[in-house]
Amino acid sequence: MKTDVPADTRMMGIVHSALNRDLSRARNVLSAEPAPRGRQRVALGEHVSWMLDFLHGHHSGEDAGLWPLVRQRNPDAGELLDSMEADHARIAPAADAAAAATAEYTATTTDAPRVALVQALNDLLEVLVPHLDREVAEAMPVVATSISDREWDDVEQRFFVKGKSTRELAMEGHWMIEEIDTEGYEVVVHTVPPVLRFILVHGFGPLYRRQAKARWTPEGS
């Protein structure tokens with residue numbers, strides 16, 4: 001990695017696509033008949049809860065690490081970055097409501113919490129998806145011209161990777177590459193050295209696939 005090349009921000013679009021994909025998919029599965037039950041209900045609730053935790057950490061990392069660095073390198077980006085932070089503030093209540101609805105859904109077997117969670121996810125997606133799209137289309141080009149690839153990597157390591165176990169990072173990686181195209185796959189897997197890449201891709205792949213099957217496949221199928 002060279003220190004003088006623009007930041008490669010493609011990972012941001014990959015993360016956003018994974019969030020949109022699975023939050024929308026969860027909403028659709030929850031809305032379908034028959035409704036999830038038993039093992040699938042628990043697994044689906046746990047996955048939605050994980051995604052909402054991930055979303056909170058993702059936005060917190062941007063607010064604490066990425067945006068301040070871009071402001072420092074490019075003061076003219078202030079208005080755009082203010083709007084990104086304002087988006088995060090608007091999204092937070094909807095994400096918190098979805099988290100509360102998810103906890104209730106996972107802890108019970110009745111139908112009312114399912115209906116409430118569907119509505120909460122609808123409300124969240126309504127404010128989240130336009131932000132995810134706008135951040136990639138408007139903010140990432142500015143980020144790429146404001147900081148170097150080395151600085152981007154430093155922010156990623158400090159605010160999005162540090163403190164996570166190998167297992168946590170492996171599950172995140174497999175979640176990102178699910179249904180991804182070839183280019184995106186190469187971006188994700190080449191963020192780690194070859195030996196560790198082999199362990200993450202092949203060693204944790206079966207576990208991820210079992211977890212994915214549990215949340216997306218009706219019990220008894």
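Now for a quick tour of the structure. (Residues numbered from 1 in each chain as written. Predicted model: local features only at pLDDT ≥ 70, side-chain atom pairs only at ≥ 80, totals over all residues. Heavy atoms only, no water.)

So, the overall build of the protein
Within the protein one finds nine helices and zero strands. Seen in sequence order, the protein has helices and strands lined up from the N terminus as α-α-α-α-α-α-α-α-α. For 221 residues, the compact-globule formula gives about 17 Å, and the C-alpha radius of gyration of the protein, at 18 Å, lands near that figure. Projected onto its principal axes, the C-alpha positions of the protein cover 55 × 40 × 30 Å. Buried residues in the protein amount to 46% of all 221 residues. With an accessible surface of roughly 11300 Å², the protein has 56% of that area assigned to carbon and sulfur atoms. (Helix = DSSP H or I, 4+ residues; strand = E, 2+ residues; numbered from the N terminus. Rg over C-alpha atoms; globule rule 2.2 N^0.38 Å. Buried < 20%, exposed > 50% of the residue type's maximum accessible area, 1.4 Å probe, protein only. Areas by Shrake-Rupley, 256 points an atom, 1.4 Å probe, with all protein chains shown as cover.)

Re the packing of helix 6 (residues 166-177) against helix 9 (residues 205-216)
Between helix 6 and helix 9, the shortest axis-to-axis distance is 10 Å and the interhelical angle comes to 65°. For the element pair helix 6 and helix 9, the recorded crossing hand is right-handed. In contact with Arg167, Met171, His174 and Trp175 of helix 6, helix 9 contributes Gly205, Leu207, Tyr208 and Gln211. Here the residues of the contact of helix 6 with helix 9 sort into four nonpolar, three polar and one charged. (Axes fitted to C-alpha atoms, helices over the stretch in contact; angles between N-to-C directions. Left-handed = near helix turned anticlockwise from the far one by under 90°. Contact = heavy atoms within 4.5 Å. Nonpolar A, V, L, I, M, F, W, Y, C, P; charged D, E, K, R; others polar.)

Let's talk about the side chain of His174
Along the chain, His174 falls in helix 6. Of note is the side chain of His174, whose polar atom sits 3.4 Å from the backbone oxygen of Val201. (Polar contact = N/O pair within 3.5 Å; in protein donor to acceptor, adjacent residues only side chain to side chain.)

Focus: the nonpolar core
Considering soluble globular proteins, one finds that nonpolar side chains tend to be buried as a cluster. Within the largest apolar cluster, 42 residues are counted, with the highest numbers of intra-cluster contacts made by Leu19, Leu121, Leu124, Trp175 and Met176. Discounting chain neighbours no more than four positions away, the residues touching Leu19 are Met51, Phe54, Leu55, Leu132 and Trp175. If you look at the next biggest cluster of nonpolar residues, it comprises 17 residues, including Trp67, Leu81, Met84 and Val143. (Core = buried A, V, L, I, M, F, W, Y, C linked by side-chain atoms within 4.5 Å.)

What to know about helix 4 (residues 112-146)
Helix length check: helix 4 (35 residues) gives 48 Å between terminal C-alpha atoms against 51 Å at 1.5 Å per residue, within 8%. Taken as a whole, helix 4 carries its principal kink of about 40° at Ala139; the proline Pro141 stands between one and four residues after it. (Expected span 1.5 Å × (residues − 1). Bend = angle between axes of the 7 residues up to and from the residue.)

Let's talk about the pattern of salt bridges
Tallying each qualifying case throughout the model produces 14 salt bridges. Glu178 is paired through a salt bridge with Arg25; the nearest N and O atoms lie 3.4 Å apart. Here Arg25 lies in helix 1 (residues 10-31) and Glu178 lies in the loop between helix 6 and helix 7 (182-189), a separation of 153 residues in the sequence. With a shortest N-O distance of 2.6 Å, Glu151 and Arg73 are connected by a salt bridge. Of this pair, Glu151 sits in helix 5 (residues 149-161) while Arg73 sits in helix 2 (residues 38-73), and the two are 78 residues apart along the sequence. The exposure class of Arg73 is partly exposed, given its relative accessible area of 39%. Where salt bridges share partners, they join Arg21, Asp22, Arg25 and Glu178 into one cluster. (Salt bridge = Lys/Arg side-chain N within 4 Å of Asp/Glu carboxyl O.)

Focus: helix 7
Each turn of an α-helix holds 3.6 residues, which means side chains three or four residues apart point in the same direction. Among the residues making up helix 7, those that are buried are Gly184, Val187, Val188 and Val189. Contacts from the buried residues of helix 7 go to helix 1, helix 6 and helix 8 (194-203).

Overview of the packing of helix 2 against helix 5
How two helices sit against one another is set out by the angle between their axes and by the gap between those axes. Running from amino to carboxyl end, helix 2 crosses helix 5 at an angle of 150°, the nearest separation of the two axes being 10 Å. In terms of orientation, helix 2 lies roughly antiparallel with respect to helix 5. At the point where helix 2 passes helix 5, the crossing takes the right-handed sense. Every residue of helix 5 that contacts helix 2 at Gly57, His58, Gly61, Glu62, Ala64, Gly65, Leu66, Leu69 and Arg73 is listed here: Glu151, Trp152, Val155, Phe159 and Phe160. Here the contact of helix 2 with helix 5 is built from residues that sort into seven nonpolar, four polar and three charged. (Parallel < 35°, antiparallel > 145°, perpendicular 65-115°, else oblique.)

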